[in-house]
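This is what each chain is made of:
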Amino acid sequence: MTWPTPIDWIPAGGIRILDQTVLPDEEHYCDLHSVEAVAEAIRSLRVRGAPLIGIAGAMGVALAAQLAAAANEKKTMVKAVDDARDVLGRTRPTAVNLRWALDRVGHIAHAAPGDAHAVAEAVRAEAQLIWDEDRQMCRRIGEAGLPLVPDGATVLTHCNAGALATGGMGTALAPIYAAHAAGRRVSVVADETRPLLQGSRLTAWELTAAGIPCTVIVDGMAASRLRRGDIACVLVGADRIAANGDVANKIGTYAVALAARTHGVPTYVAAPRSTFDFACPDGAAIPIEERSADELRCFAGRTTAAPSAAVWNPAFDVTPAELITGYLTDAGLLTRSRLSELAPQAH
């Protein structure tokens, strides 16, 4: 089975991305040749999804290192790396994968031996390693989630946590893809995900392209659908998971988890270990990005809200750990009490 490739290197130098803002109408690729272009792509959601944002950030730093290495001045190149990390780190505050990836490539830039060209190559290799690791983490998440998706299962999801949001087969959609590849009949109910419609535009696009039945519903229908009793489980991704198990994910996830608990449907959060922030004690400490009011005031190119009305547009909400049945990770399906197993070990 193949999945869309939302990001790639350009052999001659640069980064190629699938512009997710124009899906599903158009499959358009953009070539990025500067750190500023990468930052704009992340900020505008041309590139999105916590794991993919981390990969894009690391690749953006590698691009900065490559461009600066032309002068063959190591100090100049390392400064360009630090400047790029600063610019990219301010694009999306909630997804912890971004800062995690920027710190990894930054450490390589400061620690790698050799001249500017050698260091730039080391930074690029680290960015590629981050991508490769994410691909493998997605595969392991899919394998860990297979028991949750028996033959004939219908799963409800919110937003997009598939191949478009990661370096591989996805997080929340990975068990779906794995079940489909195993010959199981599986279908997905996808919340539309207002205001930017990641569920209807992106999740439905990639699932139907893979031959997996998908039904789109508006966000306000999720509770009614869960009440029908035909949903095996809720599977969602995450942008940051605090040490106590609280989860920041796309706005609306909290409401879905509340409805699922009311109707006895288990909710699972799928995420690689790079999404866990053990320095963050709980959900209250997670920074929540607030986006432009126009994203909510307008729909399909026309104004749909009174211009003088106030707008509150947080991109994410926090789902308390007590509403989450389990966490699908590259280390397996974990309960809240076992999350500390993923914490980095002090040396």
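Note that this is a predicted model, so its numbers are computed, not measured.

Asker: How should I be thinking about the packing of aromatic side chains in this particular structure?
Answerer: In this description, a pair of aromatic rings is defined by centroid distance and the angle of the planes. Scanning the model with the defined rule gives one aromatic pair in all. Between the aromatic rings of Phe-276 and Phe-278, the centroid separation amounts to 6.1 Å while the plane-to-plane angle is 15°, which identifies the pairing as stacked. On the accessibility criterion, Phe-278 (26% relative accessible area) is partly exposed. Sitting over the face of the ring of Trp-9, Arg-124 holds its NZ or CZ atom 4.0 Å from the ring centroid.

Asker: Is there a simple way to think about the packing of helix α4 (residues 96-111) against helix α5 (residues 116-145) in this case?
Answerer: A pair of packed helices is characterised by two quantities: the angle between their axes and the separation of those axes. It is at 8 Å that the axes of α4 and α5 come closest, and there the two elements cross at 150°. Judged on the interaxial angle alone, α5 and α4 are roughly antiparallel. As α4 runs across α5, the sense of the crossing is right-handed. Facing Trp-100, Ala-101, Arg-104, Val-105, Ile-108 and Ala-109 of α4, the residues of α5 in contact are Val-119, Ala-122, Val-123, Glu-126, Ala-127, Leu-129, Ile-130 and Glu-133. Grouping the amino acids of the contact of α4 with α5 by side-chain chemistry returns eleven nonpolar, no polar and three charged.

Asker: Explain the nonpolar core to me, please; I cannot follow it from the model alone.
Answerer: The biggest cluster of nonpolar side chains holds 44 residues, and the ones touching the most others in it are Ile-7, Met-77 and Val-123. The element best represented in this core is helix α2 (residues 50-69), accounting for 13 residues. In contact with Ile-7, other than residues within four places in its own chain, are Ile-15, Arg-16, Ile-17, Leu-52, Ile-55, Ala-56, Met-59 and Trp-131. Core analysis: the next-biggest nonpolar cluster, separate from the first, contains 29 residues, Leu-148, Ala-153, Leu-235 and Leu-328 among them.

Asker: What am I meant to see in the sheet that holds strand β15 (residues 326-329) here?
Answerer: The strands making up a sheet associate through hydrogen bonds between their backbones, and the pairing can be parallel or antiparallel. Pairing within the open sheet is mixed, and its seven strands lie in the order β6-β5-β4-β7-β10-β15-β16. Looking along the sheet, the strands with just one partner apiece sit at the ends: β6 (214-217) and β16 (332-334). For this sheet the average axis-to-axis angle between neighbouring strands, irrespective of direction, equals 25°. Sheet topology places strand β10 (residues 267-270) next to β15; three bridges connect them, and they run parallel. Paired with Val-269 across the strands is Tyr-327, a residue of β15. Across the sheet, α5 touches β10, β15 and β16, and the angle it forms with β15 is around 135°.

Cut-offs and rules
Residue positions are given per chain, counted from 1 along the sequence in the order it is written. Two thresholds apply to this predicted model, a pLDDT of at least 70 for residue-level local features and 80 or more for giving and counting side-chain atom pairs, whereas whole-chain, interface and lining totals are computed over all residues. Each side-chain value is derived from all of the structure's non-hydrogen atoms; neither hydrogens nor water enter the calculation. For Phe, Tyr and Trp, where Trp contributes only its six-membered ring, two rings pair if their centres lie within 6.5 Å, and the inter-plane angle classes them as stacked under 30 degrees, edge-to-face over 60, or tilted in between. Partly exposed describes any residue whose relative accessible area lies between the buried limit of under 20% and the exposed limit of over 50%, with all areas from a 1.4 Å probe on protein chains only and scaled to the type maximum. Only when the NZ of Lys or the CZ of Arg is both within 6 Å of the ring centre and within 35 degrees of the ring normal is a charge said to sit over the ring. What counts as an axis is a line fitted to C-alpha atoms, over the stretch in contact for a helix, and the angles between N-to-C directions run from 0 to 180 degrees. By definition, any uninterrupted DSSP run of H or I lasting at least four residues is a helix, any uninterrupted run of E lasting at least two residues is a strand, and each is numbered from the N terminus. For this classification, under 35 degrees means roughly parallel, over 145 means roughly antiparallel, 65 to 115 means roughly perpendicular, and everything else is oblique. A clockwise turn of the near helix away from the far one marks a right-handed crossing, whereas an anticlockwise turn of less than a right angle marks a left-handed crossing. Note on contacts: a residue pair qualifies if any of its non-hydrogen atoms lie within 4.5 Å across the two residues. Under the convention adopted here, Pro, Cys and the residues Ala, Val, Leu, Ile, Met, Phe, Trp and Tyr are nonpolar, Asp, Glu, Lys and Arg are charged, and Gly plus all remaining residues are polar. Take the buried Ala, Val, Leu, Ile, Met, Phe, Trp, Tyr and Cys residues and link them wherever side-chain atoms come within 4.5 Å; each set so joined is a nonpolar core. Two strands qualify as a pair provided DSSP detects at least 2 bridges between them.

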